Amino acid sequence: MENSFEALITSYIDHKVGISEHFLSDELANNLKKNLLALNQQDLLITAGTGNSEVIAYDSAVRSDSIYWLDKKNNNPFENAFFEQIEAFIKYLNESCYTGITGYEFHYSLYEKGDFYLQHYDQFSNNPSRKYSMISYLNSNWKIEDGGELLIHQENNNQKIAPTQGKTVFFKSDELLHEVLVTQNTRMSITGWLKCD
């Protein structure tokens with residue numbers, strides 16, 4: 001597990017974007033995916049907006065995915081296993097990089113064919129608590145023609161990241177402009193933020 005933590009941190013230091021190809025085991029990713037699909041079948045996902053609870057907007061021309069917030073109160077064993085891994089990573093990050101992270105929030109994200117999310121930053125202008133963004137992908141057998149890449153904009157170095165199962169991406173929430181390109185297949189992830197409240 002620490003190898004995947006170190007991969008995230010080292011690649012972040014080198015490129016401002018941390019990537020671990022196997023942050024999630026196949027077993028955990030498959031169980032989280034099954035849970036997400038079951039929640040979707042029960043119509044429990046909601047339309048994703050932009051902004052936070054104080055200022056939120058819904059515009060399908062900007063963002064067209066659906067989400068479901070993860071919560072320990074749900075006592076889902078697979079979500080709890082994910083939380084345990086995130087908490088272990090936060091401990092490792094705080095001890096090795098002195099980041100002072102005190103909390104986190106995560107949601108499932110589901111993009112159907114044709115969905116996208118235009119360029120944005122993850123930190124709110126009216127609330128700077130989000131410090132780092134983390135995205136863990138749940139898509140097995142993803143192909144180039146499926147699209148749906150995370151496109152991160154950096155000066156002279158735009159980076160396309162395929163949403164392949166088990167991969168986790170990590171970057172500063174206020175630093176990098178990014179977007180989700182149009183997907184041609186059902187695209188699933190857990191997206192969230194490490195916070196200093």
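Scroll up for the structure.
Residues numbered from 1 in each chain as written. Predicted model: local features only at pLDDT ≥ 70, side-chain atom pairs only at ≥ 80, totals over all residues. Heavy atoms only, no water.

(A) Expanded view of the side chain of K195. Structurally, the position occupied by K195 is in strand β13 (residues 187-195). Setting aside residues no more than four positions away along its own chain, K195 makes contact with I101, T102, G103, Y104, E105, S129, R130 and K131. (Helix = DSSP H or I, 4+ residues; strand = E, 2+ residues; numbered from the N terminus. Contact = heavy atoms within 4.5 Å.)

(B) Region of interest: the sheet that holds strand β6 (residues 103-111). Sheet architecture is open: seven strands sit in the order β1-β11-β8-β13-β6-β5-β2, paired in antiparallel fashion. The sheet is open, and its two edges are formed by β1 (18-20) and β2 (46-47), each paired on a single side. As defined by bridge partners, strand β8 (residues 130-137) adjoins β13 across seven bridges and the pair is classed as antiparallel. Its bridge partner lying in β13, S136 is registered against I190. Here helix α1 (residues 2-15) sits on the sheet and contacts β1, β8 and β11 (168-172); the angle it forms with β1, its principal contact strand, is near 150 degrees. In the packing of helix α2 (residues 26-41) onto the sheet, the strands contacted are β5 (66-69), β6 and β13, and the crossing angle to β6 comes to about 65 degrees. (Pairing = 2+ DSSP bridges. Axes fitted to C-alpha atoms, helices over the stretch in contact; angles between N-to-C directions.)

(C) Up close: helix α3 (residues 77-97). The terminal C-alpha atoms of α3 lie 30 Å apart, and with 21 residues this matches the ideal 30 Å at 1.5 Å per residue to within 8%. If you check which residues of α3 are buried, you get E79, N80, F82, F83, Q85, I86, F89, I90, Y92 and L93. At its buried positions, α3 is contacted by α1, α2, β6, β8, β11 and β13. A distance of 3.0 Å separates the backbone nitrogen of F78 from a side-chain oxygen at the start of α3, and that oxygen is part of N76. Just downstream of α3 lies Y98, where phi reads positive at about 55 degrees. (Expected span 1.5 Å × (residues − 1). Buried < 20%, exposed > 50% of the residue type's maximum accessible area, 1.4 Å probe, protein only. Polar contact = N/O pair within 3.5 Å; in protein donor to acceptor, adjacent residues only side chain to side chain.)

(D) Molecular detail of the pairing of β5. Summarising the sheet, β2 and β5 pair through two bridges and their orientation is antiparallel. Residue T47 lies in a different strand from β5, and its bridge partner there is S66. With four bridges connecting them, β5 and β6 associate as antiparallel partners. Paired with S66 across the bridge in β6 is L110.

(E) Up close: α1. In this model, α1 (14 residues) spans 20 Å end to end at C-alpha, consistent with the 20 Å of a helix rising 1.5 Å per residue. Those residues of α1 not exposed but buried are S4, F5, L8, I9, S11 and Y12. Where α1 is buried, its residues contact β1, α3, β8 and β11. A positive phi of about 70 degrees marks K16, the residue just after α1.

(F) Representation of the environment of R187. Structurally, R187 is set in strand β13. For R187 and W142, which are 45 residues apart along the polypeptide, the C-alpha to C-alpha distance reads 9.0 Å.

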